[in-house]
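Each chain, letter by letter, is given below.
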Amino acid sequence: MRTSRQKIVAANWKMHLDRVEALSLASEIIETAQREGLSAAQIILAVPHIHLHACGRLLESVGKFPLFLGAQNCHHEAKGAFTGEIAAAMLASYQVAYVIIGHSERRQYAFEDSKQLIAKLKRCFENNLKAIFCCGEPLAVRNAQGHLAYVRLQIEEVLSTLQPAELMNIALAYEPIWAIGTGLTANTAQIAEMHDSLRQLLMELSPAHGQQMPILYGGSCKASNAADIFATPNVDGALVGGAALDTREFLNIVKAIQDK
Ligand code: PGA
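The following refers to the structure shown.

Each value, and the rule that gives it
Residues numbered from 1 in each chain as written. Predicted model: local features only at pLDDT ≥ 70, side-chain atom pairs only at ≥ 80, totals over all residues. Heavy atoms only, no water. Pairing = 2+ DSSP bridges. Helix = DSSP H or I, 4+ residues; strand = E, 2+ residues; numbered from the N terminus. Axes fitted to C-alpha atoms, helices over the stretch in contact; angles between N-to-C directions. Contact = heavy atoms within 4.5 Å. Salt bridge = Lys/Arg side-chain N within 4 Å of Asp/Glu carboxyl O. Buried < 20%, exposed > 50% of the residue type's maximum accessible area, 1.4 Å probe, protein only. Polar contact = N/O pair within 3.5 Å; in protein donor to acceptor, adjacent residues only side chain to side chain. Phe/Tyr/Trp six-rings, centres within 6.5 Å; stacked < 30°, edge-to-face > 60°. Near = heavy atom within 4 Å. Areas by Shrake-Rupley, 256 points an atom, 1.4 Å probe, with all protein chains shown as cover. Nonpolar A, V, L, I, M, F, W, Y, C, P; charged D, E, K, R; others polar. Parallel < 35°, antiparallel > 145°, perpendicular 65-115°, else oblique. Left-handed = near helix turned anticlockwise from the far one by under 90°. Arc of directions from axis to C-beta. Disulfide = S-S within 2.5 Å.

A short note on the sheet that holds strand 8 (residues 237–240)
Step number 1: As summarised here, the arrangement of the 8 strands in space is 1-2-3-4-5-6-7-8, forming a closed barrel in which the pairing is parallel. Within this sheet the neighbouring strands show an average axis-to-axis angle of 25°, counted without direction.
Step number 2: The sheet contact formed by strand 2 (residues 42–46) and strand 3 (residues 67–71) spans 4 bridges and is parallel. Across the sheet, the residue bridging to isoleucine 44 is phenylalanine 68, located in strand 3.
Step number 3: Helix-sheet contacts for helix 8 (residues 188–205) involve strand 5 (130–135), strand 6 (170–174) and strand 7 (215–218), and the interaxial angle to strand 7 is about 150°.
Step number 4: Strands strand 1 (8–12), strand 2 and strand 8 of the sheet are contacted by helix 10 (residues 247–258), whose axis makes an angle of about 165° with strand 1.

Comments concerning the pattern of salt bridges
A side chain of one charge can pair with a side chain of the opposite charge when the charged atoms of the two come close.
Step number 1: If you walk through the whole model with that rule in mind, you get 12 salt bridges.
Step number 2: Of the charged contacts in the structure, one is a salt bridge between arginine 106 and glutamate 112, with a shortest N-O distance of 2.6 Å.
Step number 3: Its salt-bridge partner being arginine 152, residue glutamate 204 comes within 2.6 Å of it at the nearest N-O pair. Of this pair, glutamate 204 sits in helix 8 while arginine 152 is found in helix 7 (residues 147–159), placing the two residues 52 residues apart along the sequence.
Step number 4: For arginine 152, a relative accessible area of 27% corresponds to the partly exposed category.
Step number 5: Within this structure, Arg5, Arg199 and Asp236 form a network of salt bridges that share partners.

Remarks on the side chain of glutamate 112
Step number 1: Mapped onto the fold, glutamate 112 is located in the loop between helix 4 (104–109) and helix 5 (114–126).
Step number 2: Glutamate 112 gets classed as buried once you look at its relative accessible area, which sits at 6%.
Step number 3: Looking at glutamate 112, its side chain comes within polar contact range of the side chain of arginine 106, at 2.6 Å.
Step number 4: Polar side-chain contacts of glutamate 112 include one of 2.8 Å to the side chain of lysine 120.
Step number 5: Once residues lying within four places of it in the same chain are set aside, the contact partners of glutamate 112 are Asn73, Gly102, Arg106, Arg107, Leu117 and Lys120.

Let's talk about the packing of aromatic side chains
Step number 1: Across all of its chains, the model carries 2 aromatic pairs by this definition.
Step number 2: Ring centres of phenylalanine 68 and tyrosine 98 lie 6.5 Å apart, and the angle between their planes is 70°; this geometry places the pair in the edge-to-face category. You can see phenylalanine 68 sitting in strand 3 and its partner tyrosine 98 sitting in strand 4 (residues 96–101), a full 30 residues away along the chain.
Step number 3: On the basis of relative accessibility, which here comes to 26%, the residue phenylalanine 68 falls in the partly exposed class.

Quick word on the site of the ligand
Step number 1: Taken together, 13 residues form the shell around the ligand, and within it Lys14, His103, Glu175, Gly181 and Ser220 come nearest.
Step number 2: Within the contact set of the ligand, an oxygen atom lies 2.7 Å away from a side-chain nitrogen or oxygen of lysine 14.
Step number 3: Here glycine 241 contributes a backbone N or O atom positioned 2.8 Å from an oxygen atom of the ligand.
Step number 4: Here the ligand has 280 Å² of accessible area as a free molecule, and 95% of this is covered by the chains.
Step number 5: Its residues assigned to classes, the shell around the ligand shows 4 nonpolar, 7 polar and 2 charged.

Some points on the packing of helix 1 (residues 19–35) against helix 10
Step number 1: Between helix 1 and helix 10, the least distance of the axes is 10 Å, while the angle of their chain directions is 40°. Classified by the angle between their axes, helix 1 and helix 10 sit oblique to one another. Between helix 1 and helix 10 the crossing geometry is right-handed. Facing helix 1, whose interface residues are Leu25, Glu28, Ile29, Thr32 and Ala33, helix 10 presents Thr247, Arg248, Phe250 and Leu251.
Step number 2: Within the contact of helix 1 with helix 10, the residues separate by chemical class into 5 nonpolar, 2 polar and 2 charged.

Digging into the pairing of strand 4
Step number 1: Counting buried residues along strand 4, 6 of its 6 residues qualify, which places the element largely inside the surrounding structure.
Step number 2: Pairing of strand 4 with strand 5, which is carried by 4 bridges, proceeds in the parallel orientation. Residue pairing in the sheet places tyrosine 98 in a bridge with lysine 130 of strand 5.

Re helix 9 (residues 223–230)
Step number 1: Listed as buried for helix 9 are Asn225, Ala226, Ile229 and Phe230. Projected down its long axis, helix 9 shows its buried positions confined to an angular sector of 135°, all on one face. The outward face of helix 9, more than 90 degrees from its buried face, is lined by the exposed residues Ser224 and Asp228.
Step number 2: Its buried side turned inward, helix 9 meets strand 1, helix 8, strand 7, strand 8 and helix 10.

Things to note about the state of the cysteines
Step number 1: Overall, the coordinates contain 0 disulfides when judged by the stated rule.
Step number 2: The thiol sulfur of cysteine 74 is not disulfide-bonded, and the nearest other cysteine sulfur, from cysteine 124, lies at 3.9 Å.
Step number 3: Residue cysteine 74 is classed as buried on the basis of its relative accessible area, which comes to 1%.
Step number 4: Looking at cysteine 124, the relative accessible area reads 0%, which means it is buried.

Next up, the structure:
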């Protein structure tokens, strides 16, 4: 089906790169993307918090070119005595446009649950930040054929509490945990099955907005498999980890969506 859904390729740098490396990668991506006219998708650089300021300064030069700054997390409270944490309002004051919320690594290592994730999304929306909201099943759940129900619950628990209009500020990212950083990519039949199920759920949650929400795939997405992934129905982009740390590799993924 032809849709006007926003296309998005987001880089998740995770906890990689020092200051010099981060600035060099960001400037190379910004220059090359503009020179090659890679403007068919929004490109988001979700950098470690400490690099937001410097990368944000670099991104100031892009004008209307669709390159945006992203953060990888925010705290679920608006402000307060939470040593070491970062509030959504702080991110907004550094030109952040998107925040990754509910990445499986945060669910696993920082024990984030649906209640916290709802609060985090609210803090984002209060500060005009969009969210990339992540979901995805562990391998044992996939092997037991429980993946559709598992991911459906992850989404339903959170998104059903939001106002329909708030859904417009979200891009979903389906990232099977067994495919993240492992080199194992879900095959296109597996991706199609899940993205179709997610689209149906979104339509149930909001007939008015369900068709518009972009659904990204994440999990060992790279230049060599991006075209196949993007040719899959209901895939509107990618959330890219390892392959986003190399300019050519990352921008070839962006090119693949441009050529779709
Ligand atoms: P990967 O990570 O591309 O390295 O598998 C994706 C992600 O965790 O967002």
